[in-house]
Amino acid sequence: MRLKILVAALVCACAKSPPEPPVDSVVAAPTVSGALEIDPTVRRGVLANGVRWYVETNRVPEHKAVLRLGVGAGSVLEDDDQLGVAHFLEHMAFNGTASFPSNELVAYLESVGTRFGPHLNAHTSFEETVYKLTVPSDDAEVFDRGLQILHEWACCLTLDPAEIEKERGVVREEWRLRQGLPARMTERSMALRFAGSVYPDRMPIGTDASLRSFDPAVVGRFYRDWYRPDLLTVVVVGDVDPDAVEARIAALFGDLQPPADPRRRVDPDIPDHDEALYDVLADPEITKTSGWMAAQLDLPEASTWDELVHDHVVTLAVMGLNERLAELVRDPAGPFLRLAVGEQRLTPREGVQQVTFTAKEGRALEAFRAALVEVERFRRYGLTAGELERARKARLAWFDKLVREAEDSDSTGHADEIVRHALRGEPMMGTVPEAEAGKRIVGAVALEDVNTFAAGFLPERSRSTFVTLPATEGIEPPTPDALRAVAAEVPGVALDPPADRQTVDALVEPPAPGSVVLRDHRYTGDLGFTGLTLANGTQVWWRRTDFTPGEIEIRARRRGGAAAVSDADRTFAVMRMTDRARYESGLGAHDRAAVAGYLKGRSLSFRVGMGDFETSLGGTTATVDLPVALELAYAFQVEPAFTPEGIAFTRELWRDSIVNAANNPDRRFSDAWTLLLWPDDPRSPPLVPDDVERLTPDRAAVLYDGAMGSPEEWTWVFVGDLPADFEDQVALWLGGIPRDVPGHAWVDRGFHRAPGVRRQVVQGGTADRARYRTELYGRLGDEPDDPAWRANFSAFGDILAVRLRERLREDLGGVYGVSAFASTWDDPYRGWRVRVEFQCDPERVDELEAAMEAVFAEMVADGVDEAHVAAEVAKNRESWEDGQRRNTFWIGSFADNLEHGRDPRVTLRWPSIDASLTPERVQALAKVHLTAPDRATLVMTPRP
């Protein structure tokens, strides 16, 4: 009842007024069950044939348009002879349309700067299929071609039987990637979450048997049945003229003809089950003990004000409880490594309330019981007043962030939100109206609202429980009966109400402020960066931008790192655990929970990085939270904590990650690769459980201090919406860091990539899948660093990736994807590498490796054609133009160049550098780098 009253009080404040009255005028409140309004800045309509369309003008990024074709059909609509066909049809959209036979569609789009992946993609789920395309909007012909492509996806796929046969191999390789442990866990999990429904038998990827044998005609049948006007949605968002786009959509899509006798689209339900379901999976490839408990419920997207209020109440309740659970997890004596609650939608109509946990080894049943105890405590007592207020503060800060960034939000996010609204019913009020409504609702939610929800959380009816753990000798898995007995016992236990805790007003006392002693304007005129030297030696560079209002990017580096730490007594192993120990211990006099409470509601992310050759600090912060970000920077360097409790919990985390790590095939591959390249390095073998015991508070503190070093060793870069008093804030916190002894030095330990040709075959995993990686590598000469050469070398790697995709995937159907890149490094020496990697049928490794070698030989002997080079230049140009209005681009470019002694102004030369790429340049690079004498190859095949 309280929720209904709350809705009535808020609807008037939250509903959008008609455009005529002034903003602060009083308007009549809609009824409590009134529908949420739809963003009026988004044009929308329905053509006579049933096609829905949405058009929105958005100028970020400039001269770009994000296009979407949503199809309200997914794998649940497949007939028994069509398993996997909904997803297969998505693949065929890139393998022939009326205007683009075979693979010409991808080639054309790449030629105009579209990257396969970020700008050209699609997905298929149980309920929907969505095609995604980003094109330039300032080229009328290219933009119109983009709309035509959407139209041809909707009506004019060629579905050439020869192309279908070729694509079988690609999709089967995608299916293969999911086999092994992921398939085993998914099968068991789906059987619980979707018990009694059609969903477990309609996985979008299909079955191997179906993918091998389906009749090509069934693809066409699915296309005709479900790609029909009343199930299609066209979305265009970007730097466009909405009148022109609306007219073009009507002209293009108005000719689609509805079927004379359309099939009825039925949305399947997940039936209730009165009895709780339990399952336990012990598997030799599982590395952690985990579990979840989920209670099924109707969970549609909010479409009315009362539903929206309910959603916000649930969000606050979950946030408050998760804060409590996170603090509980940090008890070194407890059974948990992780514990959290939440809600999850399984379909557009149904979902679950759930608890997930990760337990320490051998303590699965104890963790299950303890998780249910906390659920029971939540049901009886709800949140404390402090927990609700901290959750409210965090949520209000999130809404403020949305409002700040609304004008500069990317068109991709807008387009995807429209698709979710059209296909799933997600609210689409507009970012600012929805955020302002959320602020009013969240500000008015009372403790009794939250606790009313808590009382019914995770009901036993329709509850499922799934526990997974390593199949470890000597550890008996809990049985479903044991889980059932614990669940029956917990409701009767005596429980104390949760205790609230005090929050802190500051992490550390502010230091005596430093001062700016030198200014550097060498990059101010052309790059906009100003340099400062503080009295303690700290170097600071800053640039003020308006790209993202209210946001600042921060990056700091000092040269020197873990390479300087001794190999004796495996000190390097302790070094790897040091920052996590600091994180779990807190800062200054405050433990981790107090630090988390202090940061609640702050819009910032700040982190420490400890590499072999550098130490880093940085992240992103809201402008209003810059003082807190700088306070953290000061505390990280001056007042880190290493408590016995933090050390103990860190040991547990690392021990758990080490004990069963070899069970994971990917981890086994990674470890084998490290040993193959650096066979003599004592740091190459993976950590062992005994290493964990070497972590102590004293050792961690010494190693961490060495990583932080002295302030004159640090260079800081700030880019974004900097406040007027920015220099004063920097002088206070960074300038107030006292001088200390120098930190870990830059050291070349002398262990470099092994020379010669090295090849190894290892076994790992039970899936019928092989993993292949080869890398050619070498040293760069002593000649001066050439930014143009580096850029051309990276572009050469991209072109190699395209050529390999064309041969291994499109021609041979042997892989789902192939990764290839060319990169350079600067530490401990200047070097280069070219890497190729793919996964495939173990029986085809030799064939695909030979095909890869043939591509290498062709690029060496014949080079590449002008079309490949032109496409690469266009893609790079588009990426550079996109980056011009992004803080991350400018801070990354400036900081990286500065750190490695390169002139940051090279960024301004990028268009001419990009244009310098030629087929002759690519061939010259291929001749040197695809025939290099130093090479490592690793193949992992399944265990017998």
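Look up a bit, the structure's there.
Parameters and conventions
Here the residue numbering is sequential within each chain, running from 1 through the sequence in written order. Local features in a predicted model are, by the rule used here, given only for residues with pLDDT of at least 70; side-chain atom pairs are given and counted only at 80 or more, and totals for whole chains, interfaces and linings are based on all residues. Side-chain numbers here rest on the full set of heavy atoms in the structure, without hydrogens or water. Here, a strand pair is defined by DSSP locating no fewer than two bridges between the strands. Secondary structure elements follow DSSP: runs of H or I no shorter than four residues count as helices, runs of E no shorter than two count as strands, and numbering proceeds from the N terminus. Here, axes are lines fitted to C-alpha atoms. For helices the fit covers the stretch in contact, and angles between N-to-C directions go from 0 to 180 degrees. The contact criterion used throughout is that any non-hydrogen atoms of two residues lie within 4.5 Å. Any Lys or Arg side-chain nitrogen located within 4 Å of an Asp or Glu carboxyl oxygen qualifies as a salt bridge. Each residue gets one of three labels from its accessible area relative to the maximum for its type: buried under 20%, exposed over 50%, partly exposed in between, using a 1.4 Å probe on protein chains only. Only residues whose relative accessible area exceeds 30% and that form no salt bridge are eligible for patches; like-charged ones are grouped when within 9 Å, while nonpolar side chains (Val, Leu, Ile, Met, Phe, Trp, Tyr) are grouped when within 5 Å. In short, Shrake-Rupley with a 1.4 Å probe defines the accessible areas, and a residue's cover is counted only from the protein chains shown. Charge counting treats Lys and Arg as positive and Asp and Glu as negative, with His and both chain ends excluded. Every charge is mapped onto a representative atom, which is NZ of Lys, CZ of Arg, CG of Asp or CD of Glu. Reported orientations rely on four angle classes, namely roughly parallel under 35 degrees, roughly antiparallel over 145, roughly perpendicular from 65 to 115, and oblique for the rest. Rotating anticlockwise by less than a right angle from the far helix to the near helix defines a left-handed crossing, while the corresponding clockwise rotation defines a right-handed one.

(A) How the structure looks around the sheet that holds strand 9 (residues 336–345). Strands sit in the order 7-11-8-10-9 across an open sheet of five strands; the sheet is mixed. The two strands at the open ends of the sheet, each matched to only one other strand, are strand 7 (277–283) and strand 9. The average angle at which neighbouring strand axes cross in this sheet is 10°, direction not considered. Across 10 bridges, strand 8 (residues 289–298) lies against strand 10 (residues 350–359) in antiparallel orientation. Along strand 10, the bridge assignment pairs Ala295 with Gln353. Against the sheet, helix 16 (residues 480–489) makes contact with strand 7 and strand 11 (463–470), and its axis sits at roughly 135° relative to strand 7, the strand it touches most.

(B) Local environment of the sheet that holds strand 15 (residues 551–559). In spatial order, the strands read 12-13-14-18-15-17-16; together these seven strands make up an open sheet with mixed pairing. Of all strands in the sheet, those bounded by a partner on one side alone are strand 12 (516–520) and strand 16 (604–610). Strand-to-strand twist in this sheet, taken as the mean axis angle between neighbours without regard to direction, amounts to 15°. The pairing of strand 16 with strand 17 (residues 614–622) spans seven bridges and is classified as antiparallel. Each residue of the ladder has a partner; that of Met610, found in strand 17, is Thr615. Taken strand by strand, helix 20 (residues 626–638) contacts strand 15, strand 16, strand 17 and strand 18 (714–720), and its axis lies near 25° from that of strand 16.

(C) Molecular detail of the pattern of salt bridges. Inspection of every chain in the model, using the stated rule, returns 97 salt bridges. A salt bridge links Glu163 to Lys166; its shortest N-O distance comes to 3.9 Å. Taken together, the residues Glu163 and Lys166, both in helix 5 (residues 161–177) and three residues apart, mark about one turn of the helix. Taking relative accessible area as the criterion, Glu163 reaches 9% and is therefore assigned buried. The class of Lys166 is partly exposed, set by a relative accessible area of 30%. Of the charged contacts, one joins Arg749 and Asp681 as a salt bridge, the two residues approaching to 2.8 Å between their closest N and O atoms. One end of the pair, Arg749, is in the loop between helix 25 (726–733) and strand 19 (757–763); the other, Asp681, is in the loop between helix 22 (665–677) and helix 23 (689–692), with 68 residues separating them in the sequence. Classification of Asp681 as buried rests on a relative accessible area of 10%. Shared partners join several salt bridges into a network, and the residues in it are Glu323, Glu327, Arg390, Asp500, Arg501 and Lys600.

(D) How the structure looks around a negative patch on the surface. Among the surface-exposed residues, Asp138, Asp139, Glu141 and Glu881 lie close enough to one another that they form a single negatively charged patch. Relative to the assigned elements, Asp138 resides in the loop between strand 5 (129–136) and helix 4 (140–155). A relative accessible area of 54% means that Asp138 is categorised as exposed.

(E) Looking closely at the packing of helix 10 (residues 305–329) against helix 11 (residues 364–381). Orientation of helix 10 relative to helix 11, taken along the N-to-C sense of each, is 140°, at an axis distance of 12 Å. In terms of orientation, helix 10 lies oblique with respect to helix 11. Note that helix 10 runs across helix 11; the crossing there is right-handed. Facing Ala317, Leu321, Arg324, Leu325 and Leu328 of helix 10, the residues of helix 11 in contact are Glu374, Arg377 and Phe378.

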